[in-house]
Amino acid sequence: MKSVISIRDFSRKEIDSLIVLALEKKRSGTVKKLNKKVASLFFENSTRTRTSSETAAENEGCYVNGFAGPEGTSVMKGEPLVDTVRMFEGYGYDAIVMRHNLEGAARLACDTVSIPVINGGDGSNSHPTQTLLDLMTIVEAKGKIDGLKIALVGDLKYGRTVHTLLQAFELYKVEVWLVSPEMLAMPEWRIEDYKKAGKEVIFNDDLMQAISTVDVLYMTRIQRERFPEGPEGDFEYKKVSGIYNLNASMLKEAKKDLIILHPLPRYKHNLEIAIDVDKTPYARYIEQARNGMFMRQAIIERVFGKGFEERKKKNEEHNLLWQDLKIEHGKKMGQHMLYRLENGTLIDHIEAGKGESVIRVLGLGKYKETPMIYAKNLTSKRFGKKDVIGIKDKELSEEELSKLALVCSHATVNMIRDNSVFKKGNVILPYKLVELIECNNPGCITYKKHHEHAVSVFYVENQDPLRVRCHYCEKPMSREEIKLL
Amino acid sequence: MKSVISIRDFSRKEIDSLIVLALEKKRSGTVKKLNKKVASLFFENSTRTRTSSETAAENEGCYVNGFAGPEGTSVMKGEPLVDTVRMFEGYGYDAIVMRHNLEGAARLACDTVSIPVINGGDGSNSHPTQTLLDLMTIVEAKGKIDGLKIALVGDLKYGRTVHTLLQAFELYKVEVWLVSPEMLAMPEWRIEDYKKAGKEVIFNDDLMQAISTVDVLYMTRIQRERFPEGPEGDFEYKKVSGIYNLNASMLKEAKKDLIILHPLPRYKHNLEIAIDVDKTPYARYIEQARNGMFMRQAIIERVFGKGFEERKKKNEEHNLLWQDLKIEHGKKMGQHMLYRLENGTLIDHIEAGKGESVIRVLGLGKYKETPMIYAKNLTSKRFGKKDVIGIKDKELSEEELSKLALVCSHATVNMIRDNSVFKKGNVILPYKLVELIECNNPGCITYKKHHEHAVSVFYVENQDPLRVRCHYCEKPMSREEIKLL
Amino acid sequence: MKSVISIRDFSRKEIDSLIVLALEKKRSGTVKKLNKKVASLFFENSTRTRTSSETAAENEGCYVNGFAGPEGTSVMKGEPLVDTVRMFEGYGYDAIVMRHNLEGAARLACDTVSIPVINGGDGSNSHPTQTLLDLMTIVEAKGKIDGLKIALVGDLKYGRTVHTLLQAFELYKVEVWLVSPEMLAMPEWRIEDYKKAGKEVIFNDDLMQAISTVDVLYMTRIQRERFPEGPEGDFEYKKVSGIYNLNASMLKEAKKDLIILHPLPRYKHNLEIAIDVDKTPYARYIEQARNGMFMRQAIIERVFGKGFEERKKKNEEHNLLWQDLKIEHGKKMGQHMLYRLENGTLIDHIEAGKGESVIRVLGLGKYKETPMIYAKNLTSKRFGKKDVIGIKDKELSEEELSKLALVCSHATVNMIRDNSVFKKGNVILPYKLVELIECNNPGCITYKKHHEHAVSVFYVENQDPLRVRCHYCEKPMSREEIKLL
């Protein structure tokens, strides 16, 4: 793996190794030895990530060009992302560092070009290099991550840095406190992801209690624009930011070796960390920002070197779409059905009531020329009641089989030729689903209104209950949420 | 010639040679050998032209600085272009790459500084480096340009890339198809220019027919803002862009070796080339964008090397303002005029009715102290009827002679001293006219409201009928269109 | 001194030496020898200062990164200035070049980081590198500065270049003419500063008279936005800019070796120097802009070399807050007061009527538990009338003594223990006052609404009458203007 798209792709071994390399670079300096071209494409504004990435590239000996914001680029003229990144690949750039407002943008870029892509933040989804520098700063201060109590404070709903950090903690043994007002709570599905990794979180909206307990306080900015407009929103915002803004006097009960982190920038009109905290021994956020450059140097060295060890995903190698069943009464079946099929497909054991969904996704309503039978609420040994559908003279394609499996998990498919069942089996979804499902996340780069023309890809993380995850924005969906394309 | 301002300045030999050099650079790579400073001045936004020019400069070993858009520059504070480019010359930059929204901006810059200027697009006038990379891409794919059928499709009215491309085709033997809706047709005068070079175009608004016939399909973007606001404009835009947007299914009738070009960016909200075309063998627009860098490297090498061979223009060396005539009855004339001139100027053989224009352009109405005679509708051997004007005690300056020739082509001027004609002749316009004519193109950099303080320069391309061309925006004007300053 | 914040910090010897170095660089070229990183932080837009600084840094061998305007940076997200500059220090940058819209911004940055800061303009306060290049251009043309007559023309109120230039002239023997409309006159306090250096200015609103008299004409831009909106403002603006706009025909009476300077950019829609002046021998503004690069190279060399010789300030080493007086009747005093103080402080000889101010600034109104006596309008040998204040069981802190001295200059403080005055003296303000005074300049970076969280610092330039000066915006205040924090 040569790209840095999501922290979910990284093994713990790789993360630990990057931290060691970055700390080594900080300690011993580095030699400009790469002679590479790096495209720095900031479709969304940034100062810290952009300049630290560019300086890191310079420190490693690279040439950098690109743009610092969407102003003054063809992006504003409505160029699709894929064209922009292909262009830089065409100009001989050896890697891309990019930030984009849409979730999954870095993934799409990575799928489009053959050069490595480093994600500098994609919407509210992911910010992996930030997480790596956050972890580096913890290791630098504490010597370890395992065993620590870590509070994530403030806006846990929109803040991509805390989202990605929580993903990383799946790999460590830490006690995570989520400290936020209810309306800015960590999205439910992100907590579920964390729990699926065998972890627990502690919910606590009391910042003072967190301060007196944890080893690491990770502060974030609460943005006025997340609250309703007008005086009521003002009131709510002030209340919340009043509670979750930190100043030196609040640190009296802190552990002696507490460290305070913040991805920065902080907001000068309503400082979430007061200036008087800067001089306390707890403050680590300036050093944390500084570490960003060294971590990005480490990443760049690896990108152009041996690359990264990938985290293995559970179902990755499962490509099966079909599980054969024994054909017992093949001939009989072709002959003794309610409606006799000489050639065609019989879908049996459809959960009662799901028959209509099957008809819809297979587009059978449209095939007026295809004779079809639909038997409802038959008695089934397995379900009590079942639906059965027979389609004359038609065998299902792979895509059709996938769609069938998406709406109904337990159906048995009988393929009939010359009055005889010659193949019978259950449909099981393969790991990767292409152009089947529409992502329901409006911030996802595949969402129609963005016109980025990305081909939908989903992964099946769990068969039953069905759980699929968008390849781009990494948001999971259950069977109920799935809408087919 | 060291600058790249207009494709009209380039000989075919030079263009062919640049293509060979650029293809060679693409094939064999290049060595950073120049140690020059290039100012990259994008008064108008661009991604492709800017980053490919800057990367090209870097590849050739140059240092680059400047700005990527008007935001954040003294341009926004109303600095005249000439001051901005002089500043960069003053800072020791060795060449300027620039894009500007006004037509003729690169020419004005080139006239102002003594370092080379490379035009990266000036309003809707010219984009010579784009044309060179377009031609390079055609040669790369086809091995030649001569003999090809080439369709220019879409917005031929405002698209500077197709304007400049058509100019280049003056030098080649190609069959040009102009495929556009009527309201976005190629400007009449550009087609006339092309015809004057002995060429013909084929008008055809049927894209499908073009697809099945031509060797090169050059697509352009149709911009919503070119159509009226409101629902009617919407309707028109959708109709037009519906007709001129290309997708893979439309290519069934294409020649096997058709190539599709596009200057990019394409517009993701209404793709003029659908994404599904990208994977067809016809698509060359990504490679075309890539070629931009190599062509710009070739240009930079030449700019700092031997420069470019210039295309010879027809009247370039004609500086004559005056053609002597034989003085036959000099003495008599001074004595026997309707109004006797002891000393002064007699303008004879003015086309009947043009007398008033002569009085106006020479400002004779203002000289109340200058006695003048104006004889109207006299009988003339040459014109049937003629006007005659006599001005006492005044000899015409060069500027006045030029103005006279601009309003009336055939007048005879008699200069009288001591009752005797001592000089008699016809006024013929010289090739270059300075500070005489106001350009009627509102996009021209000389247009008053832009306040760029450029001195008007026109060239006389044809004496009769009179055809002059603006030095900056390159738009021609006829005698009827001329308005004097 | 390694930073370039204000021309007031520079000795004349240093300025002269920088001019020699810059002229030498212009004459002989330079060698890239520094291997440093320079952060170019333009929180406010600029073309000339930014690109000449960046090119200068490149010429001296430095790597440059940063931003060209606030768009697309964390500044727009409300990051405090101190965080931004610390970040670049953290990334290993060796110096900062910055422009900012707030007065004192460069000073605050310089106080925050340990790397040198070069001020490229801070609001309408200072622009020291511009002044250095202005002086360089004068020396280049005239061989000297002493003895010249120099007119500053146009907007002397808001133009930071003329402000800084006038400060520099404190060190030279020049005759300064201030030529401006009344509403754009040089701020009174800046003229006073100049006069305190033993200088005089000549006020003259007649540009023609200046032209015929002076050796150097320093033109500036008059901005439309400085005048009221609407037609009346239009009228005023046109009148003023009509008077102070220069063209070639106005130069007939000029001295043969007059030079015309302008910081540029000039405004193309209403040129304060007409284009026809460019070709006169007087025009030096293009060369002046060019000199900017060489001067900035000289500055960069010094920043990374031996630094700059600092100008000595008058009171700089005065740290005394207290002047002892002889205790004559100590015991008696403790015993025979109107109100007997066993332990505490007696403030005597308060100017009559100032007693209430003392009570207010010492916050005595709040100490309900502190018994206090306040005697008004007693007969005094020194003042005729005096106020006296006694505070039981309280000794004044250093901060309280400073506040006392700020509101009342001549009070005598008696410290009483066990019925006896054990210490008696006058309070004298020390040179540096920290966190005491609120700057009354709305453009100052310490002004509350800007939320830059800068700690107030003032210097005492004069004890009587009291004159303090803001450390950041450099604006002086009198005792009457002082508002305590």
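These numbers were taken from a predicted model, which means no experiment stands behind them.

## What to know about the sheet that holds strand β15 (residues 420–427) of chain A
Strand pairing in a sheet is mediated by backbone hydrogen bonds. Such pairs are either parallel or antiparallel.
Residues and elements named next belong to chain A.
Line of reasoning, step 1. The six strands lie next to each other as β10-β15-β14-β11-β13-β12, forming an open sheet whose pairing is antiparallel. The strands lining the two open edges of the sheet, one partner per strand, are β10 (322–324) and β12 (372–380). Here the average twist between neighbouring strands, direction ignored, is 25°.
Line of reasoning, step 2. Two elements, strand β11 (residues 344–351) and strand β14 (residues 412–417), share five bridges in a ladder whose sense is antiparallel. Looking at the pairing, Asp348 lines up with Thr412 of β14.

## Remarks on the relation of the copies chain B and chain A
Line of reasoning, step 1. At an RMSD of 0.1 Å, chain B and chain A line up after a rotation of 120° and a shift of 0.0 Å along the axis. Accordingly, the operation relating the two chain copies is best matched by a three-fold axis. Closest to the rotation axis within chain B is the C-alpha of Glu71(B), separated from it by 5.0 Å.
Line of reasoning, step 2. When you check the interface residues of chain B against chain A, a mere 5% turn up at the interface there too, and the two sides of the contact use different surfaces.

## Digging into the domain arrangement of chain A
Line of reasoning, step 1. Splitting chain A by domain gives domain 1 (7–126 + 293–303), domain 2 (129–290), domain 3 (322–427) and domain 4 (432–484).
Line of reasoning, step 2. Here the C-alpha centroids of domain 2 of chain A and domain 3 of chain A sit 53 Å apart.

## Remarks on the environment of Asn65(A)
Residue and element names in this part refer to chain A.
Line of reasoning, step 1. Secondary-structure assignment places Asn65 in strand β2 (residues 63–67).
Line of reasoning, step 2. Given 20 C-beta atoms within a 10 Å radius, Asn65 is considered buried.
Line of reasoning, step 3. Sequence spacing of Asn65 and Tyr93 is 28 residues, and the spatial spacing of their C-alpha atoms is 9.1 Å.

## A closer look at the packing of helix α5 (residues 128–142) of chain A against helix α6 (residues 160–169) of chain A
Residues and elements named next belong to chain A.
Line of reasoning, step 1. At a closest axis distance of 9 Å, the pairing of α5 and α6 adopts a crossing angle of 65°. The interaxial crossing formed by α5 with α6 has right-handed handedness. Here Pro128, Gln130, Thr131, Asp134 and Leu135 of α5 lie close against α6, whose contacting residues are Thr161, Thr164, Leu165 and Ala168.
Line of reasoning, step 2. Of the residues in the contact of α5 with α6, the class split is four nonpolar, four polar and one charged.

## Some points on helix α6 (residues 160–169) of chain B
Along an α-helix, residues three or four positions apart point the same way, because every turn accommodates 3.6 residues.
Line of reasoning, step 1. Burial runs high along α6(B): 10 of the 10 residues are buried.
Line of reasoning, step 2. Arg160(B), Thr161(B), Val162(B), His163(B), Thr164(B), Leu165(B), Leu166(B), Gln167(B), Ala168(B) and Phe169(B) are the residues of α6(B) that are buried.

## Some remarks on the nonpolar core
Where a protein is soluble and globular, its nonpolar side chains tend to be buried together.
Line of reasoning, step 1. If you look at the biggest cluster of nonpolar residues, it comprises 416 residues, and the most contacted ones within it are Ile96(A), Ile96(B) and Ile96(C).
Line of reasoning, step 2. Filtering out sequence-adjacent residues up to four positions away, Ile96(A) remains in contact with Ala39(A), Leu41(A), Val85(A), Phe88(A), Ala109(A), Ile115(A), Val117(A) and Ile118(A).

## A few points about the relation of the copies chain C and chain A
Line of reasoning, step 1. With an RMSD of 0.1 Å, the fit of chain C onto chain A corresponds to turning through 120° and sliding 0.0 Å along the axis.
Line of reasoning, step 2. Taken as a fraction of all interface residues of chain C, those also at the interface in chain A reach only 5%, which identifies the copy contact as different-surface.

## Looking at helix α10 (residues 285–303) of chain C
Line of reasoning, step 1. For α10(C), with 19 residues, the first-to-last C-alpha span of 26 Å sits near the 27 Å given by 1.5 Å per residue.
Line of reasoning, step 2. Burial of α10(C) is extensive: 16 of the 19 residues sit out of reach of the surface.

## Some points on the interface of chain B and chain A
Line of reasoning, step 1. Between chain B and chain A, the contact holds 22 residues from the first and 22 residues from the second.
Line of reasoning, step 2. Elements with a contribution of two residues or more to the side of chain B that touches chain A: α2 (48–59) and α10 (285–303) of chain B.
Line of reasoning, step 3. Examining the composition of the side of chain B that touches chain A, we find that six residues originate from one element, α2(B), more than from any other.
Line of reasoning, step 4. Looking at the side of chain B that touches chain A, its residues break down into eight nonpolar, seven polar and seven charged.

## As for the environment of Leu217(A)
Residue and element names in this part refer to chain A.
Line of reasoning, step 1. The residue Leu217 is located in strand β8 (residues 216–219) in this model.
Line of reasoning, step 2. In this structure Leu217 comes out as buried when scored by C-beta crowding, with 28 C-beta atoms within 10 Å.
Line of reasoning, step 3. Spatially, the C-alpha atom of Leu217 lies 26 Å from that of Asp234, the residues being 17 residues apart in sequence.

## A short note on the interface of chain C and chain A
Reports often express the size of an interface as the amount of accessible area lost when the parts come together.
Line of reasoning, step 1. Contacts between the two partners involve 22 residues from chain C and, on the opposite side, 22 residues from chain A.
Line of reasoning, step 2. When contributions to the side of chain C that touches chain A are tallied by element, the ones reaching two or more residues are β2 (63–67) and α3 (81–90) of chain C.
Line of reasoning, step 3. Examining the composition of the side of chain C that touches chain A, we find that five residues originate from one element, α3(C), more than from any other.
Line of reasoning, step 4. Residues belonging to the side of chain C that touches chain A are distributed by class as follows: six nonpolar, 10 polar and six charged.

## Some details on the packing of helix α3 (residues 81–90) of chain B against helix α4 (residues 105–112) of chain B
Residue and element names in this part refer to chain B.
Line of reasoning, step 1. Their axes nearest at 9 Å, the elements α3 and α4 cross at an angle of 50°. Classified by the interaxial angle, the pair formed by α3 and α4 is oblique. Here the hand of the crossing between α3 and α4 comes out right-handed. Residue-level contacts link Leu81, Val82, Val85 and Arg86 of α3 to Ala105, Leu108, Ala109 and Thr112 of α4.
Line of reasoning, step 2. The residue makeup of the contact of α3 with α4, split by class, is six nonpolar, one polar and one charged.

## Describing the sheet that holds strand β19 (residues 467–470) of chain B
Residue and element names in this part refer to chain B.
Line of reasoning, step 1. Overall, antiparallel pairing links the four strands, which are arranged β16-β18-β19-β20 in an open sheet. Of all strands in the sheet, those with a lone pairing partner are β16 (432–434) and β20 (476–478), marking the two edges. Within the sheet, the average angular offset between the axes of one strand and its neighbour, ignoring direction, is 30°.
Line of reasoning, step 2. In this sheet, β20 lies alongside β19 in antiparallel orientation, the contact comprising three bridges. Bridge pairing in β20 places Arg467 opposite Ser478.

## Things to note about unusual backbone geometry
Line of reasoning, step 1. Geometrically, the link from Leu264(A) to Pro265(A) is a cis peptide bond, its omega value of 0° lying close to zero.
Line of reasoning, step 2. You can see Pro265(A) is positioned in the loop between β9 (259–261) and α10 (285–303).
Line of reasoning, step 3. Note that the residue after Asp464(C), namely Pro465(C), is joined by a cis bond; omega there is 0°.
Line of reasoning, step 4. With respect to the helices and strands, Pro465(C) occurs in the loop between β18 (457–462) and β19 (467–470).
Line of reasoning, step 5. You will see that Leu264(A), though not glycine, has its phi angle at about 55°, which is positive.
Line of reasoning, step 6. You can see Leu264(A) is positioned in the loop between β9 and α10.

## Here's the deal with the environment of Ile437(C)
Residues and elements named next belong to chain C.
Line of reasoning, step 1. Structurally, Ile437 can be placed in strand β17 (residues 437–438).
Line of reasoning, step 2. In this structure, the C-alpha to C-alpha distance between Ile437 and Leu485, residues 48 residues apart in sequence, is 5.2 Å.
Line of reasoning, step 3. Leave out the neighbours within four places in its chain, and Ile437 touches Ser456, Phe458, Val468, Ile482, Leu484 and Leu485.

Calculation criteria
- Residues numbered from 1 in each chain as written.
- Chains lettered and ligands numbered in written order.
- Predicted model: local features only at pLDDT ≥ 70, side-chain atom pairs only at ≥ 80, totals over all residues.
- Pairing = 2+ DSSP bridges.
- Helix = DSSP H or I, 4+ residues; strand = E, 2+ residues; numbered from the N terminus.
- Axes fitted to C-alpha atoms, helices over the stretch in contact; angles between N-to-C directions.
- Least-squares fit on C-alpha atoms with pLDDT ≥ 70 in both.
- Contact = placed C-beta atoms within 7 Å.
- Domains from an automatic or database assignment.
- Buried ≥ 20, exposed ≤ 12 C-beta atoms within 10 Å, placed from the backbone.
- Left-handed = near helix turned anticlockwise from the far one by under 90°.
- Nonpolar A, V, L, I, M, F, W, Y, C, P; charged D, E, K, R; others polar.
- Core = buried A, V, L, I, M, F, W, Y, C linked by C-beta atoms within 7 Å.
- Expected span 1.5 Å × (residues − 1).
- Parallel < 35°, antiparallel > 145°, perpendicular 65-115°, else oblique.

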